[in-house]
Structure formats: structure tokens, C-alpha cells
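Each chain, written out:
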Amino acid sequence: METQKKNRGLWWIGFFVSTAALLAAIFLHWEYLTMIIPFALTSFVKAMDII
């Protein structure tokens, strides 16, 4: 079986960017706050290599 190198660094960057956007949306009272949550959670799960 061949092993593949997984590029998890890009997912970590996506997680930190989306988390920063989520925090900014919370403090700025942005009404579309819930649109950021799936990006933050999906990038975290991919970075942890759960899926």
C-alpha cells in the first residue's frame, strides 16, 4: 500500500484565518456570523486529519 504525504499545513492556515474571521464577526456584530462556522470547523477537522 502506498502512503501519501498529507498537506495539513494549508488546513491549519485556513483554520486560523477562519477563526480570526469568526472572532472579528463576533466583535463587529456581523449578521452573517453563522456562515463562517462551517469553514472553521471543517478546516480544523481536516488539519487534525480526522477525515
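Residues numbered from 1 in each chain as written. Predicted model: local features only at pLDDT ≥ 70, side-chain atom pairs only at ≥ 80, totals over all residues. Heavy atoms only, no water.

A. Region of the structure containing unusual backbone geometry. You will see that His29, though not glycine, has its phi angle at about 55°, which is positive. Note that His29 resides in the loop between helix 1 (8-27) and helix 2 (37-47). Taking the relative accessible area as the measure of exposure, His29 reaches 68% and is therefore exposed. (Helix = DSSP H or I, 4+ residues; strand = E, 2+ residues; numbered from the N terminus. Buried < 20%, exposed > 50% of the residue type's maximum accessible area, 1.4 Å probe, protein only.)

B. Structural view of helix 1. The end-to-end C-alpha distance of helix 1, which contains 20 residues, comes to 29 Å, matching closely the 28 Å that a straight helix rising 1.5 Å per residue would cover. Within the sequence span of helix 1, burial applies to Phe15, Ser18, Leu22 and Ala25. When helix 1 is viewed along its axis, its buried side chains cluster within an angular range of 95° and face the same direction. Structural note: helix 1 exposes Ile13, Phe16, Val17 and Phe27 on the side pointing more than 90 degrees away from its buried face. Along its buried surface, helix 1 packs onto helix 2. (Expected span 1.5 Å × (residues − 1). Arc of directions from axis to C-beta. Contact = heavy atoms within 4.5 Å.)

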